[in-house]
Amino acid sequence: MITAIFYISMLLIMVFIFSILPYITRRTEQFGVTIPYKIYMRTDIKQIRKTYVFYTILLGIIIALLQLCLHIFFRENVQHIGFTINTFLFIILSFFVYLQFHKKMKNMKAKENWSVEKTQRTVIDTSFHLERNVLSNWFYLIPLVVTIGTILYTFFMYDSIPNEIPMHTNVNGEVRYDAKTPFNVLVMPGTQLFMIGLFFFINIIIGKAKQQIHAGNPKVSKIQNQLYRKKWSRFLFISSVLMVLMFLFIQLTFIHPILQKYETPITLVIIAIIFIGSIILSIRTGQGGSRLKIDDDQIDDHMIDRDEDEHWKLGQFYFNKNDPSIFIEKRFGVGWTNNWAHPISWILLLLIIGTAIGIPLLLTNL
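Residues numbered from 1 in each chain as written. Predicted model: local features only at pLDDT ≥ 70, side-chain atom pairs only at ≥ 80, totals over all residues. Heavy atoms only, no water.

Chemist: Looking at this model, I keep getting lost on the nonpolar core. Mind explaining?
Modeler: Nonpolar side chains tend toward joint burial in soluble globular proteins. Ranked by internal contacts, the top residues of the largest apolar core, which has 57 residues, are Phe-31, Tyr-52 and Trp-232. Among the elements of the structure, α1 (2-19), α2 (21-24), α3 (43-73), α4 (76-112), α6 (187-208), α7 (218-255) and α8 (263-285) are those that each provide at least two residues to this core. Once residues within four sequence positions are removed from consideration, Phe-31 is found in contact with Pro-22, Ile-48, Arg-49, Tyr-52, Tyr-98, Phe-101, His-102, Met-105 and Phe-332. Counting seven residues, the second largest nonpolar core, distinct from the first, contains Met-157, Tyr-158, Ile-161 and Leu-186. (Core = buried A, V, L, I, M, F, W, Y, C linked by side-chain atoms within 4.5 Å. Buried < 20%, exposed > 50% of the residue type's maximum accessible area, 1.4 Å probe, protein only. Helix = DSSP H or I, 4+ residues; strand = E, 2+ residues; numbered from the N terminus. Contact = heavy atoms within 4.5 Å.)

Chemist: Quick question: what am I supposed to make of α1 here?
Modeler: Owing to its 3.6 residues per turn, the α-helix brings residues three or four apart onto one side. If you check α1, its first and last C-alpha atoms are 26 Å apart, about what 18 residues at 1.5 Å a residue would give, namely 26 Å. The complete set of buried residues in α1 reads Ala-4, Tyr-7, Ile-8, Leu-11, Met-14, Val-15 and Ser-19. Looking straight down α1, one finds that the buried residues subtend no more than 140° of arc, so they occupy a single side. Lining the buried residues of α1 we find α2, α3 and α4. (Expected span 1.5 Å × (residues − 1). Arc of directions from axis to C-beta.)

Chemist: Which parts of the structure should I look at to understand unusual backbone geometry?
Modeler: Of note in this structure, Phe-31 is not a glycine but carries a positive phi near 50°. Mapped onto the elements of the fold, Phe-31 is located in the loop between β1 (29-30) and β2 (33-34). Here the phi dihedral of Leu-314 falls at roughly 60°; this positive angle occurs in a residue that is not glycine. Inspection of the secondary structure puts Leu-314 in the loop between β7 (312-313) and β8 (317-318).

Chemist: When you look at the packing of aromatic side chains in this model, what are you seeing that I'm missing?
Modeler: How two aromatic rings sit relative to each other is given by the distance of their centres and the angle of their planes. Tallying each qualifying case throughout the model produces 22 aromatic pairs. Each ring, one from Phe-31 and one from Tyr-52, has its centre 5.3 Å from the other, and the planes form 65°; the classification is edge-to-face. Note that Phe-31 is positioned in the loop between β1 and β2 and Tyr-52 in helix α3, a separation of 21 residues in sequence. Relative accessible area serves as the criterion here: at 1%, Phe-31 is assigned to the buried category. (Phe/Tyr/Trp six-rings, centres within 6.5 Å; stacked < 30°, edge-to-face > 60°.)

Chemist: What should I look at first to understand the pattern of salt bridges in this one?
Modeler: When the charged atoms of two side chains lie near each other, side chains of opposite charge can form a pair. In this structure the tally under the stated criterion is seven salt bridges. The partner of Asp-309 in a salt bridge is Lys-109, and the shortest N-O contact between them spans 2.7 Å. With a gap of 200 residues between them, Asp-309 in the loop between β6 (303-305) and β7 and Lys-109 in helix α4 connect regions that are remote in the sequence. With a relative accessible area of 12%, Lys-109 lands in the buried category. Measuring nitrogen to oxygen at the nearest pair gives 2.8 Å for the salt bridge that ties Lys-210 to Asp-323. (Salt bridge = Lys/Arg side-chain N within 4 Å of Asp/Glu carboxyl O.)

Chemist: Explain the side chain of Asn-338 here, please?
Modeler: By secondary structure assignment, the location of Asn-338 is in strand β10 (residues 336-338). We classify Asn-338 as buried; its relative accessible area is 15%. Apart from residues no more than four positions distant in its own chain, Asn-338 is found in contact with Tyr-318, Ile-326, Phe-327, Ile-328 and Ser-345.

Chemist: Which parts of the structure should I look at to understand the packing of α1 against α3?
Modeler: In a pair of packed helices, the angle between the axes and the distance between the axes together describe the arrangement. At a minimum axis distance of 9 Å, the contact between α1 and α3 shows a crossing angle of 165°. Between α1 and α3, the crossing angle belongs to the class labelled roughly antiparallel. Like other packed secondary-structure pairs, α1 and α3 cross with a definite hand, here right-handed. Listed contacts from α3 to Thr-3, Ala-4, Tyr-7, Ile-8, Leu-11, Leu-12, Val-15, Phe-18 and Ser-19 of α1 are Tyr-52, Val-53, Thr-56, Ile-57, Gly-60, Ile-63, Ala-64, Gln-67, Leu-68 and His-71. A per-class count over the contact of α1 with α3 returns 13 nonpolar, six polar and no charged. (Axes fitted to C-alpha atoms, helices over the stretch in contact; angles between N-to-C directions. Parallel < 35°, antiparallel > 145°, perpendicular 65-115°, else oblique. Left-handed = near helix turned anticlockwise from the far one by under 90°. Nonpolar A, V, L, I, M, F, W, Y, C, P; charged D, E, K, R; others polar.)

Chemist: Explain a positive patch on the surface here, please?
Modeler: The grouping of Arg-27, Lys-46, Lys-50, Arg-291 and Lys-293 at the surface amounts to a positive patch. Locating Lys-293 in the fold gives a position in the loop between α8 and β6. (Patch = residues over 30% accessible without salt bridge, like charges linked within 9 Å, V, L, I, M, F, W, Y side chains within 5 Å. Areas by Shrake-Rupley, 256 points an atom, 1.4 Å probe, with all protein chains shown as cover. Lys, Arg positive; Asp, Glu negative; His and termini not counted. Charge placed at Lys NZ, Arg CZ, Asp CG, Glu CD.)

Shown next as structure tokens:
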């Protein structure tokens, strides 16, 4: 019953996140299409957002019911596999739902020619990246010190660690134990180092990502964007510390098996804090800080951002060979994405995937 509640709750939270995406995206972008600021509040556009929410929630309920059926009629191993399948199924199907609204928005824009009699402009603030918009990278020395402490304590207590330690869980939920070695006891510290590197890298992305300042009110938009980056940078640092502490505790369960009964609840609590925190921050800030309230919020509706729809494939994948930027804001939702026409984007993706897979394999096979 607890497993069913957990899995279904996770699915419903994911449904909620997907359903609010049109409301936390910039008001100058809707379903991956550039629009004038005032178009966002039109009655028919509001109805389109509500319709998207309806179909997304309906899809989510159907997927959640499928998961519930797995818990009623099948064994636990099928439930675990089913949750993974249902998660990917929802993500894929919800993308197809999004595509229908993306296409509808593109057709409306072409038919009504929203850019007529409006000046398109790209605003660049040359001082933007010279100002400190993120936490100093030196802050990541804190989780690094915790990780070093984890490694030192592990080797100090090495002789006290059981000769066999849990390493893998199969699809049946059965734990596989491996003989203790100086290398496989470092899987958790290795994971800590990977997480620190990942969050450190994301912090750099936030600071270096291409600025996006609304042409209709550049002064306010710049302040919003700077606050947005600062808030997410701080949140990511806190998340990195929590993740490192979580893996520290998991490592302690290897050294002190009596702690294993607390492993699951502590892990779930930390993940829940990060997950819920990211949702709250997304709603409060909006994409690029667009939901942050700043005084002097006056919009020049005759001035709009330069239309770059041609570079956004399906409204979500940015391909622009003439843009030297590697990282830019997403068009739908909150966060950043890559310029996939830039070779470095693919190199970085392969490095991250390779590191995530390689560290555990290397340490468990040495």
